[in-house]
Amino acid sequence: MATRKCPRSQVAVSANPDDFGASDSPEGTREAVICRILPQMNSQHPDTQPALVWLRRDLRLDDQAALYHALKQHSRVYVTFIFDHDILDQLPRQDRRVEFIRESLVELDQRLREHGGALIVRHGWPRETIPALAKALGVSDVYCNRDYEPNAVLRDRDVAQTLSIDQIGFHSYKDQAIFEQDEVLTQMGKPFTVFTPYKNAWYKKAGLSDTDFFVRPYPVTRYLQHLAPTALATGVPTLADLGFETTDLQKIGIMPGITGGRERIEDFFTRIQNYKVARDFPAIKGVSYLSVHLRFGTISIRELAARAWREGGEGALGWLNELIWRDFYFAILHHFPHAIGHAFKPAFDAVAWDDNPDWHQAWCEGRTGYPLVDAAQRQLAQTGWMHNRLRMVSASFYTKDLGLDWRQGEAWFAKLLLDFDLSANNGGWQWSSSTGCDAQPWFRIFNPVTQSERFDPKGKFIRRYVPELANVPDKYIHAPWTMPAETQANCGVLIGRDYPAPIVDHGEARQRTLERFKRATGESADVKKPG
């Protein structure tokens, strides 16, 4: 018998007071409380009909909401992952993300088999494959964790409707966010569009000083005996089977899977107290490097938030704020889906961006003549990752120095980022281009040279990714075109031959951007020159 499904806006169901501690439950609506209690009716006598758990962005066993609820409610549970044609068919044949997923699934399959189950992996269209698999396995219910991207929402709606034809239940849960959708709203019941008040409301709702309810892990291991084997689980297909080729994941130091995520967590928490002071400097090991593991769910957001809160201090709480930004952008995507492909602020759709394919290509390849921007772009191409400070610098340069449409830059990041997340990528680009919610004012324009001097003062990062500038003196590393001819000759870097001259003059580009936004908005502003 399927249990009653909670409203999507409520915290995920707690299946048993013994699992979560009923006395610790935060205040909530009567509906939310009922939804937490009803599953107890089945908790001691699991449904004898099997269930299917559909993995997507949650490639782990521990603290996994959908897996927990399925194992708790059913005596036999199958687990599947679908390589989605709709996604994979758009990717290049060498894509680090596909290899990351594939290797993570190999480890996950092994762990499932250690507990009596196995992973059913298919390459197909989920709208067809999930219902067909559910019927073949004879399950009564399909469980998954929610995905907030618009295409995924439509996909899940279609899958649920098809399953309902055969009276198969479809249950989705919150797993990749602490708070989702309508859980954090203004006092007027409207979505936040500015981060700081959202953050304050997030902390108030979480009540972390008094309870760990919202960040408490799901005790999946208690019920792993309900995992079921099946002859349909024939192993994880090779990259070649999927039509892809091996990439350089191992060479660039990316360890996929649960083990890789665990190693990153333990490493970061040895230095998390330095995070606030170190995070902006790309030449040093100052950030967490956990973004790809969060993206594919090989680690739990609840564990990270709880550990950061317990750790306390400027560094840990500063990093927790970054996790809250992640929830914020998920909420923006949910409430304002028009931001995909359009300016969050509709008035800024009137901004007339330039169209210069040569400049776009130079930016993509790291040939703009601005060393920090070029180093950032080459880091992205070589590693599939870019330091967060540099994402802001590079996006600002693209939109406000080159004057190019933020959507084209957003698409380039989406193509290469190993940790690509639609909500965060869109939010970041709209922030930098001043078209988004809580964005920097349009008259605030990063100076790429000043940013370079401030965040890579010795040019260490620049020299790592722009090796042709290795011998340039520190005095000129941020603006090598200012080197006298004699200095260029002495260090073996002739500007225009060995390294490009700047493709735009920042001062002139800044004035063009101010005029561009004034025309679009009809506004004027006190245009001070920030760094």
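Residues numbered from 1 in each chain as written. Predicted model: local features only at pLDDT ≥ 70, side-chain atom pairs only at ≥ 80, totals over all residues. Heavy atoms only, no water.

Brief notes about the overall build of the chain
And step 1. Helix and strand counts for the chain stand at 24 helices and 5 strands.
And step 2. Across the 531 residues in the chain, those meeting the buried criterion constitute 57%.
And step 3. Partitioning the contacts of the chain with sequence separation of at least 6, the portion at a separation of at least 24 is 79%. (Helix = DSSP H or I, 4+ residues; strand = E, 2+ residues; numbered from the N terminus. Buried < 20%, exposed > 50% of the residue type's maximum accessible area, 1.4 Å probe, protein only. Contact = heavy atoms within 4.5 Å.)

What to know about the pattern of salt bridges
And step 1. Enumeration according to the criterion identifies 35 salt bridges in this entry.
And step 2. Across the pair Arg-391 and Asp-419 runs a salt bridge whose closest N-O atoms are separated by 2.8 Å. Of the two residues, Arg-391 sits in helix α18 (residues 388-401) while Asp-419 sits in the loop between α19 (406-416) and α20 (422-433), which places them 28 residues apart along the sequence.
And step 3. The class for Asp-419 is buried, based on a relative accessible area of 7%.
And step 4. Through salt bridges that share partners, Arg-60, Asp-63, Asp-175 and Arg-302 make up one connected network. (Salt bridge = Lys/Arg side-chain N within 4 Å of Asp/Glu carboxyl O.)

A closer look at the sheet that holds strand β1 (residues 51-55)
And step 1. The strand order across the open sheet built from 5 strands is β3-β2-β1-β4-β5, with neighbouring strands paired in parallel fashion. Across the chains shown, the open sheet's two edge strands, defined by having one partner strand only, are β3 (119-124) and β5 (169-173). For this sheet the average axis-to-axis angle between neighbouring strands, irrespective of direction, equals 25°.
And step 2. With 6 bridges connecting them, strand β2 (residues 77-84) and β3 associate as parallel partners. Among the inter-strand pairings, Ile-82 is bridged to a residue of β3, identified as Arg-122.
And step 3. Packing against the sheet, helix α6 (residues 96-114) makes contact with β1, β2 and β3, and its axis sits at approximately 170° to β2. (Pairing = 2+ DSSP bridges. Axes fitted to C-alpha atoms, helices over the stretch in contact; angles between N-to-C directions.)

A few points about the nonpolar core
And step 1. Core analysis: the largest hydrophobic core is formed by 93 residues, its most contacted members being Trp-202, Leu-304, Trp-319 and Trp-363.
And step 2. Ranked by residues supplied to this core, first place goes to helix α15 (residues 313-335) with 9 residues.
And step 3. Setting aside residues up to four positions removed in sequence, Trp-202 forms contacts with Ile-178, Phe-179, Val-184, Leu-208, Leu-320, Ile-324 and Asp-327. (Core = buried A, V, L, I, M, F, W, Y, C linked by side-chain atoms within 4.5 Å.)

Quick look at unusual backbone geometry
Glycine aside, a negative phi is what most residues show, and trans is what most peptide bonds show.
And step 1. In this model, Asp-63 sits at a positive phi of 45°, which is unusual for a non-glycine residue.
And step 2. Assignment of secondary structure puts Asp-63 in the loop between β1 and α4 (65-73).
And step 3. Not every positive phi belongs to a glycine, and Gln-167 is a case in point at roughly 60°.

Thoughts on the environment of Lys-135
And step 1. Following the sequence through the fold, Lys-135 ends up in helix α7 (residues 126-137).
And step 2. Along the chain, Lys-135 and Asp-166 lie 31 residues apart, while their C-alpha atoms are 8.2 Å from each other.
And step 3. Not counting residues within four places of it along the chain, the set of residues in contact with Lys-135 comprises Asp-166 and Ile-168.

A look at the environment of Ala-65
And step 1. Here Ala-65 shows up in helix α4.
And step 2. For the pair formed by Ala-65 and Asp-175, sequence separation is 110 residues and the distance between their alpha carbons is 5.8 Å.
And step 3. If sequence neighbours within four positions are ignored, Ala-65 has contacts with Asn-145, Tyr-173, Lys-174, Asp-175, Tyr-218 and Arg-302.

Focus: the packing of aromatic side chains
And step 1. Under the defined criterion, the tally for this structure stands at 37 aromatic pairs.
And step 2. Centroid distance Phe-461 to Tyr-465: 5.0 Å. Interplanar angle 50°. Geometry classified as tilted. Of the two residues, Phe-461 and Tyr-465 are both situated in helix α22 (residues 460-465); the distance of 4 residues between them amounts to about one turn of the helix.
And step 3. Under the relative-accessibility criterion, Phe-461 is labelled buried at 0%. (Phe/Tyr/Trp six-rings, centres within 6.5 Å; stacked < 30°, edge-to-face > 60°.)

Some details on the confidence of the model for the chain
And step 1. Predicted confidence across the chain gives a mean pLDDT of 91, with 90% of residues reaching 70 or more.
And step 2. Counting contacts from residues 21-43, a segment whose pLDDT is below 50, to residues more than four positions away or on other chains yields 37 contacts. (pLDDT = per-residue confidence, 0-100.)

What to know about helix α8 (residues 150-165)
For an α-helix the count is 3.6 residues per turn, leaving residues at separations of three or four pointing the same way.
And step 1. If you check α8, its first and last C-alpha atoms are 24 Å apart, about what 16 residues at 1.5 Å a residue would give, namely 22 Å.
And step 2. Among all positions of α8, only Ala-152, Arg-155, Asp-156, Val-159 and Leu-163 are buried. All buried residues of α8 lie within an arc of 95° about the axis, which places them on one face of the element.
And step 3. Residues of α8 that are buried make contact with β1, β2, α7, β4 (141-145) and β5.
And step 4. One or two residues past the end of α8 sits Gln-167, with phi positive at roughly 60°. (Expected span 1.5 Å × (residues − 1). Arc of directions from axis to C-beta.)

Some points on the side chain of Arg-516
And step 1. By secondary structure assignment, the location of Arg-516 is in helix α24 (residues 506-521).
And step 2. For Arg-516, the side chain forms a polar contact with the main-chain oxygen of Ala-352, separated by 2.8 Å.
And step 3. Among the polar contacts made by the side chain of Arg-516, one reaches the side chain of Asp-354 at a distance of 3.3 Å. (Polar contact = N/O pair within 3.5 Å; in protein donor to acceptor, adjacent residues only side chain to side chain.)

Section: the packing of helix α17 (residues 371-383) against α18
And step 1. As a packed pair, α17 and α18 sit with axes 9 Å apart at the nearest point and diverge in direction by 115°. On the basis of the axis angle, α17 is roughly perpendicular to α18. Crossing angle aside, the handedness with which α17 passes α18 is left-handed. Each of Leu-372, Val-373, Ala-376, Gln-377 and Gln-379 in α17 lies in contact with α18, whose residues at this interface are Leu-390, Val-393, Ser-394 and Phe-397.
And step 2. The class makeup of the residues in the contact of α17 with α18 is 6 nonpolar, 3 polar and no charged. (Parallel < 35°, antiparallel > 145°, perpendicular 65-115°, else oblique. Left-handed = near helix turned anticlockwise from the far one by under 90°. Nonpolar A, V, L, I, M, F, W, Y, C, P; charged D, E, K, R; others polar.)

Topic: helix α21 (residues 448-455)
And step 1. Along α21, the residues that are buried comprise Pro-448, Val-449, Gln-451, Ser-452 and Phe-455. Viewed end-on, α21 has its buried residues packed into an arc of 165°, placing them on one side of the element.
And step 2. Where α21 is buried, its residues contact α17, α18, α22 and α24.
And step 3. Of the residues flanking the start of α21, the one acting as N-cap is Asn-447, its side-chain oxygen 2.9 Å from the backbone nitrogen of Val-449.

Digging into the pairing of β1
And step 1. By the criterion of burial, β1 is predominantly enclosed, with 5 of the 5 residues buried.
And step 2. Across 5 bridges, the pairing between β1 and β2 is parallel. Its bridge partner being in β2, Trp-54 is matched across the sheet by Thr-80.
And step 3. Both β1 and β4 contribute to a ladder of 4 bridges, which runs parallel. Residue pairing for β4: Val-53 is matched across the bridge by Tyr-143.

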